[in-house]
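# A structural walkthrough
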Amino acid sequence: MSEIACAEIEDSFAALVAGAALEISPEAEATAAEHLTDLVGVALAAVEEPAFRALLRTYEPTHSGRNSARVWGTQIRLPRRDAALMNAFAGHFHDFDDDETELAMAHVTVTAATAALTTADSVPGATGKRLLRAYIHGVETATRLGRLINPEHYRRGWHASATLGVFAAAAASGHVIGVRASEMRHALGIAASFASGLRSNFGSDAKPLQVASAVAQGMLASELAVAGLTSTPGSLLGPNGYTRLFGEQDVSVEALLNFGAPFDLVGSGLTIKAFPCCTAAHTAVDALLGMTTESGVAPSQIDRVTCWVDPAVPNILTRDRPGNALEAKFSMPFCLAAASIYGRLRLSEFKDEIVRSAAVQEMMNRIEVRTDSNLPKGPSGISVSSRVRLKLRDGSQIERFSEYVPGGPHRRLTHDQLRAKFNACVVAVLDRERVAAAFDSLLDVAEAKDCRSLLDLICQRQTNGKS
C-alpha cells in the first residue's frame, strides 16, 4: 500500500479515535465502569509497596492545581504526566489489573483508564460520561492496532501493554483535553515514536515501569499535538511506520475503520483478574483449586501435578524457579504450588518469604508443565486453556480441563466478587467507612458531574496519618 493511501487511512482512523459520534451502549458503559473500578482498587493495593514509595521520592510534589493531578491513595499532587506515571505504576505493580488476551494481548485499562482519569483530575468539569468515552476509545485504539501486529509482535518479545498502551493513553487523554481529529493524527504519529517495552523485563520493577512510562508518553503525545507539533504521515501505518516495523503485517483497512462497530470492550478477551499473576497461569490455577476444593485433597496427598498448556505459554511464564514475589507472578510451578498449599492465590501469597519457603519449594518439585498444541485457541492463536492432572499418593488420579479464564467474557466476575476484590485491595489504604462509598461511586461513574469528586474519595488522608 502506498504512503499516500496509508496517510489517508491514518486520517480516517484518527477521526474515529477522536470522534464523539459513535454510540456508547449502556452495556459498554457499565462494563467500562467495572474495569475502571477494578483498576483503582489494584492500584491502591500498591501504594505502600517499597518500589512505589522509592519511585515517588524521585518526584517533587507541586502545590499548583493547574495541569497537576493527584497520586491515587495519597494527598500528593504532581504535574499530571508524573502523577499518571505513578498511578499506572501502582496499577500494574501487582499484575492484578485486567488483561486483554486476544487482540491487543495487553493490559489495556491500566494505560487507557489511568490516562483518562488522571487527566480528568486536572480538567475542571470533566464528567463521568466523558471519562468513560475516553477510556473506551483508548481501549479500542489498542485493540484495533493490536489486530495489525499480533500475535507476532508479542511472540517476538515486545511488551504489548506498553507498546500499544502509549496509543491507548494518547487517545484517552486526548479525549479528555479535547483533541481534534487532525491533532489526533499527529498525536498517534508522535506516540509511534514513543512505543517501547520488552517482555524480558517481566518479573521485575521494570515491567510496571515501562507501562507507566507508556501512559506518561501517550499523554505527552496528545498534549504536544494540541500545542501544534506534528508527525509524518505514514508514521503509524506506512512502509516504515509502527505497524510494519513492530508487526511486519500489511495494513487492514477493515480492522481499523470498523472502530467501535461494536466496541471491543465488550466481547473481546478483556479479563478482570481473579488471581494476581500472569493471565497465562489462570486457567491452570482455576482447575487445580476446583479439584482440591471439591475433593478435599490436602497437599500431603499430592504426589504429582501435571499441567498442559499452549506451546507459547512457557515463553511467557519463564520463571520456573522464581527467587522473589515479582518473579513468582510468571512462574507456573509457584502459582500451582502456592494454590495447592494455601487453597487460594491472593496478594498475600506473593511474598518473598513464601516464595522461598521450604514447603513451596518442595511442592514445586512435584509440578511438571507440558505443552499441548491442541488446546482450543482464540483470535490470538495462543490458547488460554489448561488441563491439570493430580496424581495422588494412593495411586488415584483426578483431572480437570479449564477452557475459559475466570473473570473473562465467558466467566465475568459477579458484583459481589468484584466488590470483594476491591475491598481486599484497598482496605489498608482507605478508611473502612470510605471503602464502600468509593466502590459504589466508581461503579456509578457515568453519573459524575465532575470526576474530581471520585478522586476525593480515594485521595484523602487516612486516620492513621499516612498520605
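## Observations regarding the overall build of the protein
Scanning the protein from N- to C-terminus turns up 21 helices and 8 strands. For 467 residues, the compact-globule formula gives about 23 Å, and the C-alpha radius of gyration of the protein, at 22 Å, lands near that figure. C-alpha atoms of the protein, sized along the principal axes, occupy 70 × 60 × 40 Å. Looking at the protein residue by residue over its 467 residues, the buried ones come to 60%. Residue pairs at least 24 apart in sequence account for 79% of intrachain contacts in the protein once pairs closer than 6 positions are excluded. In the protein, the 46 positive side-chain charges and the 52 negative ones have mean positions that sit 4 Å from each other.

## A few points about the sheet that holds strand E7 (residues 386-392)
Read across the open sheet, the 4 strands follow the order E6-E5-E7-E8; overall the sheet is mixed. Of all the strands in the sheet, just strand E6 (367-371) and strand E8 (397-402) have a single pairing partner and so form its edges. Between one strand axis and the next, the sheet turns by 15° as a mean value, whatever way the strands run. Both strand E5 (residues 302-309) and E6 contribute to a ladder of 5 bridges, which runs parallel.

## Details of helix H4 (residues 80-93)
Residues spaced three or four apart along an α-helix face the same direction, because each turn holds 3.6 residues. With 14 residues, H4 should reach 20 Å at 1.5 Å per residue; the first-to-last C-alpha distance of 19 Å fits that figure. Restricting attention to buried positions, one finds in H4 the residues Arg80, Ala83, Ala84, Leu85, Met86, Asn87, Ala88, Phe89, Ala90, Gly91, His92 and Phe93. The positive-phi residue at the C-terminal boundary of H4 is Asp95, with phi of around 55°.

## Looking at the nonpolar core
A general tendency of soluble globular proteins is for nonpolar side chains to be buried together. Membership of the largest hydrophobic core comes to 164 residues, with the highest contact counts inside it found for Trp72, Tyr135, Phe167, Tyr242, Phe334, Leu336 and Ile458. When neighbours within four sequence positions are excluded, Ile458 is seen to be in contact with Val40, Leu44, Trp72, Gly73, Thr74, Leu430 and Ala438.

## Thoughts on the packing of aromatic side chains
All told, the structure shown has 9 aromatic pairs when counted by the stated rule. Look at Phe259 and Phe263: their rings are 6.2 Å apart centre to centre, the planes differ by 80°, and that puts the pair in the edge-to-face class. The buried category is assigned to Phe259, whose relative accessible area is 2%. Phe263 gets classed as buried once you look at its relative accessible area, which sits at 6%. If you follow Lys329 out to its NZ or CZ, it ends over the ring of Phe350, 4.3 Å from the centre. Residue placement shows Lys421 over the ring face of Phe96; its charged tip is 4.0 Å from the ring centre.

## Observations concerning the packing of H4 against helix H11 (residues 206-226)
Two numbers describe how H4 lies on H11: the axes approach to 8 Å, and their chain directions differ by 145°. H11 is crossed by H4, and the crossing has right-handed handedness. Residues Arg80, Arg81, Ala84, Leu85, Ala88, Phe89, His92 and Phe93 of H4 touch H11, and the partners they reach there are Lys207, Pro208, Leu209, Val211, Ala212, Ser213, Val215, Ala216, Met219, Leu220 and Glu223. Grouping the amino acids of the contact of H4 with H11 by side-chain chemistry returns 13 nonpolar, 2 polar and 4 charged.

## Thoughts on the pairing of E8
When E7 meets E8, the two strands line up antiparallel, connected through 6 bridges. Residue pairing across strands places Ser386 opposite Ser402, the latter belonging to E8. As consecutive antiparallel partners, E7 and E8 are separated by 4 residues, and within that stretch Gly395 has a phi angle of approximately 95°, a positive value.

## Some details on the pattern of salt bridges
For the structure on display, the rule yields 30 salt bridges. The salt bridge involving Asp286 is made with Arg411; its shortest N-O contact spans 2.9 Å. Here the residue Asp286 occupies a position in helix H14 (residues 282-295), and Arg411 occupies one in the loop between E8 and helix H19 (415-426), the gap between them amounting to 125 residues. Close ionic contact of Asp431 with Arg434 constitutes a salt bridge, the shortest N to O distance being 3.4 Å. For the pair shown, Asp431 and Arg434 are each scored as buried.

## Digging into unusual backbone geometry
Cis geometry marks the peptide bond from Asn150 to Pro151, where omega comes out at 5°. With respect to the helices and strands, Pro151 occurs in the loop between helix H6 (128-149) and helix H7 (152-155). With omega at -5°, the peptide bond leading from Ala261 into Pro262 counts as cis. Within the secondary structure, Pro262 sits in the loop between helix H13 (253-257) and strand E4 (270-271). A positive phi angle is found at Asp95, which is not glycine, with a value near 55°. With phi around 55°, Met105 is a residue other than glycine that occupies positive phi space. Here Met105 lies in the loop between strand E3 (99-100) and helix H5 (109-120). In this structure Met105 comes out as buried when scored by relative accessible area, which is 9%.

Reading guide: rules and limits
Residues numbered from 1 in each chain as written. Predicted model: local features only at pLDDT ≥ 70, side-chain atom pairs only at ≥ 80, totals over all residues. Heavy atoms only, no water. Helix = DSSP H or I, 4+ residues; strand = E, 2+ residues; numbered from the N terminus. Rg over C-alpha atoms; globule rule 2.2 N^0.38 Å. Buried < 20%, exposed > 50% of the residue type's maximum accessible area, 1.4 Å probe, protein only. Contact = heavy atoms within 4.5 Å. Lys, Arg positive; Asp, Glu negative; His and termini not counted. Charge placed at Lys NZ, Arg CZ, Asp CG, Glu CD. Pairing = 2+ DSSP bridges. Axes fitted to C-alpha atoms, helices over the stretch in contact; angles between N-to-C directions. Expected span 1.5 Å × (residues − 1). Core = buried A, V, L, I, M, F, W, Y, C linked by side-chain atoms within 4.5 Å. Phe/Tyr/Trp six-rings, centres within 6.5 Å; stacked < 30°, edge-to-face > 60°. Lys NZ or Arg CZ within 6 Å of the ring centre and 35° of its normal. Left-handed = near helix turned anticlockwise from the far one by under 90°. Nonpolar A, V, L, I, M, F, W, Y, C, P; charged D, E, K, R; others polar. Salt bridge = Lys/Arg side-chain N within 4 Å of Asp/Glu carboxyl O.

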